[in-house]
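# Working through the structure, step by step
Listed below are the residues making up each chain.
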Amino acid sequence: MRAWPPPHTVRISSRAKRLLLRFHPEKGLEIVSPRRLSAHQVHEVLDAHRAWIEQHLSKLCQWPAERLPEAIDLPALGQCWSLAHVPDAPSGRLHADAQRQHLTLQGTPALLWPLLGRWLLHQAKLHLPPRLLEHARQQGLNPSAVSVRWARSRWGSCSHQGRISLNARLLWLSPQEVDYVLLHELTHLEHFDHSPAFWQALEERCLGARQWDRRLRKASACLPGWLPLIQ
Ligand SMILES: [Zn+2]
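As a starting point, this report considers the structure included with it. Along each chain, numbering runs from 1 in the same order as the chain's sequence is written. Reporting of local features is limited, given that this is a predicted model, to residues whose pLDDT is at least 70; pairs of side-chain atoms are given and counted only at 80 or more, and all residues count toward the totals for whole chains, interfaces and linings.

## Observations concerning the sheet that holds strand 5 (residues 79-86)
Strands were regarded as paired on the criterion that DSSP finds at least two bridges between them. Under the scheme used here, helices are H or I runs from DSSP no shorter than 4 residues and strands are E runs no shorter than 2 residues, and both carry numbers assigned from the N terminus. Here we have four strands laid out as an open sheet, ordered 4-5-7-6, and mixed in their pairing. On the outer flanks of this sheet lie strand 4 (71-74) and strand 6 (93-97), each paired with one strand and no other. Averaged over all neighbouring strand pairs, the angle between strand axes comes to 20°, with direction disregarded. Two elements, strand 6 and strand 7 (residues 102-106), share five bridges in a ladder whose sense is antiparallel. In the sheet register, Ala96 faces strand 7, and the bridge partner there is Leu103. This element, helix 3 (residues 109-139), spans strand 4, strand 6 and strand 7 of the sheet and lies at about 35° to strand 6. In this analysis an axis means a line fitted to C-alpha atoms, helices contributing only their contacting stretch, and an angle means the value between N-to-C directions, from 0 to 180 degrees. Placing C-beta atoms from the backbone, we regard two residues as in contact once those atoms come within 7 Å.

## Notes on the environment of Ala201
Inspection of the secondary structure assignment puts Ala201 in helix 5 (residues 196-205). The exposure scheme places C-beta atoms from the backbone and then counts, for each residue, the other C-beta atoms within 10 Å of its own, assigning buried at 20 or more, exposed at 12 or fewer, and partly exposed in between. By C-beta crowding, Ala201 is classed as partly exposed, having 19 other C-beta atoms within 10 Å. Sequence separation between Ala201 and Thr187 is 14 residues; the distance between their C-alpha atoms is 7.0 Å. Contact partners of Ala201, with chain neighbours within four places excluded, come to Thr187, Glu190 and His191.

## Concerning the packing of helix 3 against helix 4 (residues 175-187)
Packing of helix 3 against helix 4 leaves a shortest axis separation of 10 Å and a crossing angle of 55°. Taken together, the axes of helix 3 and helix 4 lie oblique to each other. The crossing of helix 3 and helix 4 is right-handed. Along its contact with helix 3, which presents Arg131, Leu132, His135, Ala136 and Gln139, the element helix 4 presents Leu182, Leu183 and Leu186. Broken down by class, the residue content of the contact of helix 3 with helix 4 amounts to five nonpolar, two polar and one charged. Orientation categories follow fixed angle ranges, with anything under 35 degrees roughly parallel, anything over 145 roughly antiparallel, 65 to 115 roughly perpendicular, and all other angles oblique. Should the near helix be turned anticlockwise from the far one by less than a right angle, the crossing is termed left-handed; should it be turned clockwise, right-handed. Residue classes follow a fixed rule: Ala, Val, Leu, Ile, Met, Phe, Trp, Tyr, Cys and Pro count as nonpolar, while Asp, Glu, Lys and Arg count as charged, and any other residue, Gly among them, counts as polar.

## A word on the sheet that holds strand 2 (residues 20-24)
Taken in spatial order, the three strands make up an open sheet running 1-3-2, and their pairing is mixed. The sheet is open, and its two edges are formed by strand 1 (8-12) and strand 2, each paired on a single side. Between one strand axis and the next, the sheet turns through 30° on average, direction left out of account. Across five bridges, strand 2 lies against strand 3 (residues 28-33) in antiparallel orientation. Paired with His24 across the strands is Gly28, a residue of strand 3.

## Regarding the packing of helix 4 against helix 5
Packing of helix 4 against helix 5 brings their axes to within 10 Å, and their N-to-C directions diverge by 140°. It follows from the interaxial angle that helix 4 and helix 5 lie oblique. Once helix 4 is placed against helix 5, the crossing between them reads as right-handed. Together, Leu183, His184 and Thr187 of helix 4 and Phe198, Ala201, Leu202 and Arg205 of helix 5 make up the contact between the two elements. Grouping the amino acids of the contact of helix 4 with helix 5 by side-chain chemistry returns four nonpolar, two polar and one charged.

## Examining the pairing of strand 10 (residues 163-167)
As a general feature of sheets, a regular strand has side chains that alternate between the two faces. Two elements, strand 8 (residues 145-149) and strand 10, share five bridges in a ladder whose sense is parallel. Paired with Arg149 across the two strands is Asn167, which belongs to strand 10. Pairing of strand 9 (residues 156-158) with strand 10 involves three bridges; the strand directions are antiparallel. Within strand 10, the residue paired with Cys158 across the bridge is Ile164. Counting the residues between successive antiparallel strands, the hairpin from strand 9 to strand 10 contains four residues, one of them, Gly162, with a positive phi of roughly 85°.

Geometry only, nothing functional implied.
Below, the structure written as structure tokens:
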């Protein structure tokens, strides 16, 4: 069973004429309201549209929420973690044995999905920024900041201020694909757009850049089916 209410955000919009429910590709379930809502009112709205929301959520995620994966493959890091689940525990606990690449999870799946999400984000934060900074050093580039977060659509982004943000979902790409994304974002420090000059600079750093780019657009197929449950 899915936890109710599901994760959601509320956005106040003076342009909204009435209350609106939608599934945002980045934020998930979003309530857009012309005025501020109390927590009670938010719950009333969600309950009133429960059937519609459940239908959308089941389309987004086919993985049964009560089943944890048996293993977690992280190709970007060349790691494959095995999982042991102890369901009878009063609170949720995750223990990671890095030597054996083994996770012990205690508690109900509802408690464990968010813990797993935090642990995966931590793995991404541990490994992706150093890799980005190593490429930056080799290329003589200097991002002002690097962050890692869960995002639904983009693998990475680079702000006008030179801040690079990476998607923790990169954990499921091959090391070569990750390197392409890192070099792509780093090249934005020199060329902010996707102009021919950008592609030329990127091609010099990464042979076959446009092919890699096309490949990356389809790469979300490699993501595990349970991923929506941790976010
Ligand atoms: Zn770009």
